[in-house]
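Next come the chains, spelled out residue by residue.
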Amino acid sequence: MALMSLSWCLGAALALFCGSPWPRVHSALAPENEVPLRPTTWFPEGKITSVTLPKGRTRRLYFTLKKKAPAMSVTVSPCDLPIEWSLAARTLKDKPLKKLQWSTKKSMPEVWWRGPGTEEKMHSFTGSAVDTYSGPSNPHASIYILRLRSKQQNTRATVYLHEGLGPGGVFPLLPADPRVHTLGVGMTSVTLSWAPSTSITSLPQTQKSYDYCVLVNAQQNYPSLCAAQENLRKKKDQIQEKKERRRVTAWPILKEWWWQQWDSYPEPQRPPSSLTDEFADLQCVCQGTESVCTVSELLPDTQYYFDVFVIDRLNGTSMAYKGTFARTHEEARPAIVTLREGELRWVTFHDRGSNSEQFFSFRPRGWQQSGLLTLQSCGGGEKVKVTVSSKGQVLTSQAVGGDLVHIWLQGSPSYLIHLEREGTTAGQISAAADPALPGGLMASVKMQTSSAYHRRGVPSLPSTLQIKSFNRLRGCNSVTLAWMGTEERSLYCVYRRKLGDREAEAGGASALTAPCLGPESRSDTERVLCKYFQELNPRRAVTTAVIGGLEPGMAYVFDVYLMRRWGIPIKYASKMVKTRKEC
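Note that the coordinates shown come from a computational prediction; the quantities given were computed from them, not determined experimentally. (Residues numbered from 1 in each chain as written. Predicted model: local features only at pLDDT ≥ 70, side-chain atom pairs only at ≥ 80, totals over all residues. Heavy atoms only, no water.)

1. With respect to the pattern of salt bridges
Then comes step 1: Considering all chains together, one arrives at 16 salt bridges under this definition.
Then comes step 2: Notably, a salt bridge pairs Glu-84 with Lys-151, separated by 3.0 Å at the nearest N-O pair. Of this pair, Glu-84 sits in strand E4 (residues 83-92) while Lys-151 sits in the loop between strand E7 (143-149) and strand E8 (155-163), and the two are 67 residues apart along the sequence.
Then comes step 3: By relative accessible area, which is 54% here, Lys-151 ends up exposed.
Then comes step 4: With its nearest N and O atoms 3.4 Å apart, the salt bridge here joins Lys-498 to Glu-551. Pair noted here: Lys-498 is in strand E28 (residues 490-499) and Glu-551 is in the loop between strand E30 (542-547) and strand E31 (555-563), with a separation of 53 residues, a long-range link.
Then comes step 5: The structure contains a network of salt bridges with shared partners spanning Arg-522, Glu-526, Asp-559 and Lys-571. (Salt bridge = Lys/Arg side-chain N within 4 Å of Asp/Glu carboxyl O. Helix = DSSP H or I, 4+ residues; strand = E, 2+ residues; numbered from the N terminus. Buried < 20%, exposed > 50% of the residue type's maximum accessible area, 1.4 Å probe, protein only.)

Printed below as a string of structure tokens:
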């Protein structure tokens, strides 16, 4: 055992002393001037080169210039992530030794690296935007080195080398102001504008090798067209992954037709495009050479990001404008009026030509959260519908007519009341305004909301709203009236109005039969008495009143109002009675 341990230690020492016989691979700990023994990546001139950048590893590209090249430009276009890149010139002091030249394991750049020389850094950049180095060439440079690195995750970039002065002409040119401007923002549309590209304005109209492509999304602005393509590809991969996951998790006991349902999902269709196949999957909302675009069919109250790219279809390259964002306007929400406790409100609809609606909110008092909503239509043939909802759920919806509508509210802290005029029944439209409506309004609803602390439901109503007068009890200065009451203790008030001869001959009571005319519209001088009445037996709930102080031989119109603590007062049908001339 001791002999085996000794032999193992000797083997480890020899390995450390002699070094590993395998070629060394590049790592983060390797010195910068150490070149791995692998084929050299040469960077060609005048050709777009795509480079894959593994996370955390530095990629090197080498190139040389012609002897008479006075200047050069190197363009690096990252795809979807920020990268670091730099350009350096390596100068050798002496020529490489002949004995070190050309072997099966050593490449020309490596021979230069091991020889004596200096390195000059010419340019460096970090970011996700397209960056170009343009400048004179180094007259003493033996070789140029382009280093690229991605710190976040795997990505890719495209590089382009141009020898000589001026732009290479492969990438489209951006204007001096590359920003995208917002001309107008609506509820479902946004209008954009940008300065035209010099590449498009300098070409004759017959040559159409450039296009603008406007993209819109709700997540972010894209620094390049490649980033937009990568995002589209990731979305497609996620959709495909979800579909495959649903197929795997489906129960095996399902029938064949159910499996066909998973296969029936349509594949994403590629939109038609006049661009090359490389940009065919991009869904441009605007395409062409116009520098103004209106993006429509957007959602209200949503923030969108807009990017504009100028594309060279001939070379398959693109440049990105500085994108912008805008938030569409929110939908015009109807005004919601808060109803006060016990408030009597007239809801009017002025326009007959179209449907109209109004919204109200009511919050009952007390921990019981109960209340009573009372409505009455005053528009004759107008159809009005009331809808009561709470927390987005509809509680009740019904029509409102000349008769009182009682809606019991219970169990919610607040209620939304929606009144909508639906139209006019046939034969009810007249040129004259309804006399029951104040100010000649076309339609009106009388509404009241109140908290009901001790009630358990809708209050009871009289069995009939007719007023009866007794001919035998009719005198020269007094009349006797009777009407039906309820089993609840309530206040009944009687009003009178003397009619002239013409009004009496015309029927008299027609002007006062409108059900919406309540006690608030009557003069105090017209009120003759108020009395409380209650009868537990509804069949016997009849009350009478003797109205005195009348003039002989005169016609009077009498109105009775049922006054309650909750809800709108109930008006009985008007009754015209004429006193006797002689007694």
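2. Side note on the nonpolar core
Then comes step 1: In this structure, Phe-63, Val-74 and Leu-148 are the most contacted members of the largest nonpolar core, which totals 22 residues.
Then comes step 2: Contributing elements (two or more residues each) for this core: strand E1 (49-53), strand E2 (58-63), strand E3 (71-78), E4, E7 and E8. (Core = buried A, V, L, I, M, F, W, Y, C linked by side-chain atoms within 4.5 Å.)

3. Structural notes on the sheet that holds strand E27 (residues 479-484)
Then comes step 1: Taken in spatial order, the three strands of this open sheet run E26-E27-E30, and their pairing is antiparallel. The sheet is open, and its two edges are formed by strand E26 (468-469) and E30, each paired on a single side.
Then comes step 2: In this sheet, E30 lies alongside E27 in antiparallel orientation, the contact comprising six bridges. Residue Thr-480 lies in a different strand from E30, and its bridge partner there is Val-546. (Pairing = 2+ DSSP bridges.)

4. Observations concerning the confidence of the model for the protein chain
Then comes step 1: This prediction gives the protein chain a mean pLDDT of 77; 73% of its residues lie at or above 70.
Then comes step 2: No element of the protein chain has a lower mean pLDDT than helix H5 (residues 256-263), at 41, and none a higher one than strand E10 (residues 190-194), at 95.
Then comes step 3: Low pLDDT, under 50, characterises residues 34-38; the stretch is placed with 10 contacts to residues that sit more than four places away or in other chains.
Then comes step 4: Counted against residues more than four places away or in other chains, residues 425-436, with its pLDDT under 50, gives 13 contacts. (pLDDT = per-residue confidence, 0-100. Contact = heavy atoms within 4.5 Å.)

5. Examining unusual backbone geometry
Then comes step 1: Of note, Glu-297 is a non-glycine position whose phi angle comes to about 60°, a positive value.
Then comes step 2: Note on placement: Glu-297 falls in the loop between strand E13 (292-295) and strand E14 (303-312).

6. Structural notes on the side chain of Arg-522
Then comes step 1: Relative to the helices and strands, Arg-522 is located in the loop between helix H6 (501-505) and strand E29 (527-533).
Then comes step 2: A polar contact is formed between the side chain of Arg-522 and the side chain of Asp-559, at a distance of 2.8 Å.
Then comes step 3: What Arg-522 contacts, discounting residues up to four positions off in sequence, is Tyr-495, Arg-496, Arg-497, Asp-559 and Tyr-561. (Polar contact = N/O pair within 3.5 Å; in protein donor to acceptor, adjacent residues only side chain to side chain.)

7. Section: the packing of aromatic side chains
Then comes step 1: Counted according to the given criterion, the structure contains 10 aromatic pairs.
Then comes step 2: Taking the centre distance of 6.3 Å and the plane angle of 45° together, the rings of Trp-483 and Tyr-492 count as tilted. As far as the burial class goes, Trp-483 and Tyr-492 line up, both buried.
Then comes step 3: Between Tyr-556 and Phe-558 the ring centres are 6.2 Å apart and the planes differ by 35°, which places this aromatic pair in the tilted class. (Phe/Tyr/Trp six-rings, centres within 6.5 Å; stacked < 30°, edge-to-face > 60°.)

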